[in-house]
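Fold and contact review
Chain by chain, the residues run as shown.
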Amino acid sequence: QKEVEQNSGPLSVPEGAIASLNCTYSDRGSQSFFWYRQYSGKSPELIMSIYSNGDKEDGRFTAQLNKASQYVSLLIRDSQPSDSATYLCAVNATNAGKSTFGDGTTLTVKP
Amino acid sequence: DAGVIQSPRHEVTEMGQEVTLRCKPISGHDYLFWYRQTMMRGLELLIYFNNNVPIDDSGMPEDRFSAKMPNASFSTLKIQPSEPRDSAVYFCASSFQQHLGRRYNEQFFGPGTRLTVL
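Residues numbered from 1 in each chain as written. Chains lettered and ligands numbered in written order. Predicted model: local features only at pLDDT ≥ 70, side-chain atom pairs only at ≥ 80, totals over all residues. Heavy atoms only, no water.

The next subject is the overall build of chain A. Helix and strand counts for chain A stand at zero helices and 11 strands. Secondary structure elements in chain A, listed N-terminal to C-terminal, are β-β-β-β-β-β-β-β-β-β-β. Here chain A has a C-alpha radius of gyration of 13 Å; the compact-globule value for 111 residues is 13 Å, and the two agree. Principal axes of the C-alpha set define a box for chain A whose edges measure 40 × 30 × 20 Å. Counting every position in chain A, which comprises 111 residues, the buried fraction comes to 45%. The long-range share in chain A, meaning contacts at least 24 apart out of those at least 6 apart in sequence, stands at 54%. Split by element, the accessible area of chain A, about 5,200 Å² in all, is 45% carbon and sulfur. In chain A, the 10 positive side-chain charges and the 11 negative ones have mean positions that sit 3 Å from each other. (Helix = DSSP H or I, 4+ residues; strand = E, 2+ residues; numbered from the N terminus. Rg over C-alpha atoms; globule rule 2.2 N^0.38 Å. Buried < 20%, exposed > 50% of the residue type's maximum accessible area, 1.4 Å probe, protein only. Contact = heavy atoms within 4.5 Å. Areas by Shrake-Rupley, 256 points an atom, 1.4 Å probe, with all protein chains shown as cover. Lys, Arg positive; Asp, Glu negative; His and termini not counted. Charge placed at Lys NZ, Arg CZ, Asp CG, Glu CD.)

Given below as structure tokens:
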């Protein structure tokens, strides 16, 4: 079992729809959770971080964390073609400086 | 802030040559990470430093790879000798772990170095 698992994708949604990206992790001691967006040919860019159970909203993005289920998700409302990218989930274990990354889910938003 | 700076952005070399990749982290960050990304293997952590000290180099593929961080504002990743299978995009990232008692670990990536070994 991988430490951080994401839907293999690709995920395709129509413009204006809600895109839902999911991630599960194996280390129950994990404390910090991140979503990075990576456009083709570019470097990963942090878009959301979440540290406690519940929802965290930032514009059209909502991160959801459920530590009991070891599950973190990213919702993108009113999806735009410019949201088309690979989304990487990353998790930090307790006292760990490094993040463990999932393999990423590629999202395509069709006009 | 200029963000994480990497050089060169592109490097084309021949098998057997030495390659040196450079990174300047964001000022004030205490962690520095070197990653390699390929289509086949995804994003792989090679090595990371905390306060200029290497913490975990278990991701370094073999002895041909070495990394140094002589001070808080500079790090190098060296491949000697280079091989075609080393062709990849190499990213440097930096983060700070704690601020005012809270843990962050948010990583900021440089633009990457695209390495091609012929």
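This part is about the pattern of salt bridges. Residue and element names in this part refer to chain B. For the coordinates displayed, the defined rule picks out 12 salt bridges over all chains. Glu-44 is the salt-bridge partner of Arg-41, the closest N and O atoms lying 2.9 Å from each other. Between Glu-83 and Arg-85 there is a salt bridge; the shortest N-O distance is 2.6 Å. What makes Arg-85 exposed here is its relative accessible area of 54%. Salt bridges here are not isolated pairs; linked through shared partners, they connect Glu-62, Arg-64, Glu-83, Arg-85 and Asp-86. (Salt bridge = Lys/Arg side-chain N within 4 Å of Asp/Glu carboxyl O.)

As a further point, take the packing of aromatic side chains. Inspection of the entire model under this criterion finds 13 aromatic pairs over all chains. Their ring planes at 50° and their centres at 4.9 Å tell us that Tyr-25 of chain A and Phe-33 of chain A sit as a pair that is tilted. Comparing Tyr-25 of chain A with Phe-33 of chain A shows no difference in burial state: the two are buried. Look at Phe-101 of chain A and Phe-109 of chain B: their rings are 6.1 Å apart centre to centre, the planes differ by 80°, and that puts the pair in the edge-to-face class. With Phe-101 of chain A in strand β10 (residues 100-101) and Phe-109 of chain B in strand β12 (residues 108-109), this pair bridges two chains. (Phe/Tyr/Trp six-rings, centres within 6.5 Å; stacked < 30°, edge-to-face > 60°.)

Our next topic: the nonpolar core. If you look at the biggest cluster of nonpolar residues, it comprises 23 residues, and the most contacted ones within it are Trp-35, Val-72, Leu-74, Ile-76 and Tyr-87 of chain A. Looking at this core, the elements that each hand over two or more residues are β3 (19-25), β4 (32-38), β5 (45-50), β7 (61-66), β8 (71-76), β9 (85-92) and β11 (105-110) of chain A. Counting residues in hydrophobic clusters, the runner-up holds 21 residues, among them Val-19, Leu-21, Leu-32 and Val-117 of chain B. (Core = buried A, V, L, I, M, F, W, Y, C linked by side-chain atoms within 4.5 Å.)

Moving on to the state of the cysteines. Residues and elements named next belong to chain A. Applying the stated criterion to the full structure yields two disulfides over all chains. Here Cys-23 engages in a disulfide with Cys-89; their sulfurs sit 2.1 Å apart. Between Cys-23 and Cys-89, the S-S torsion sits near -75°, and that sign places the bridge as left-handed. Of this pair, Cys-23 sits in strand β3 while Cys-89 sits in strand β9; the two residues are 66 residues apart in sequence, bridging distant segments of the chain. Using a relative accessible area of 1% as the deciding quantity, one classes Cys-89 as buried. (Disulfide = S-S within 2.5 Å.)

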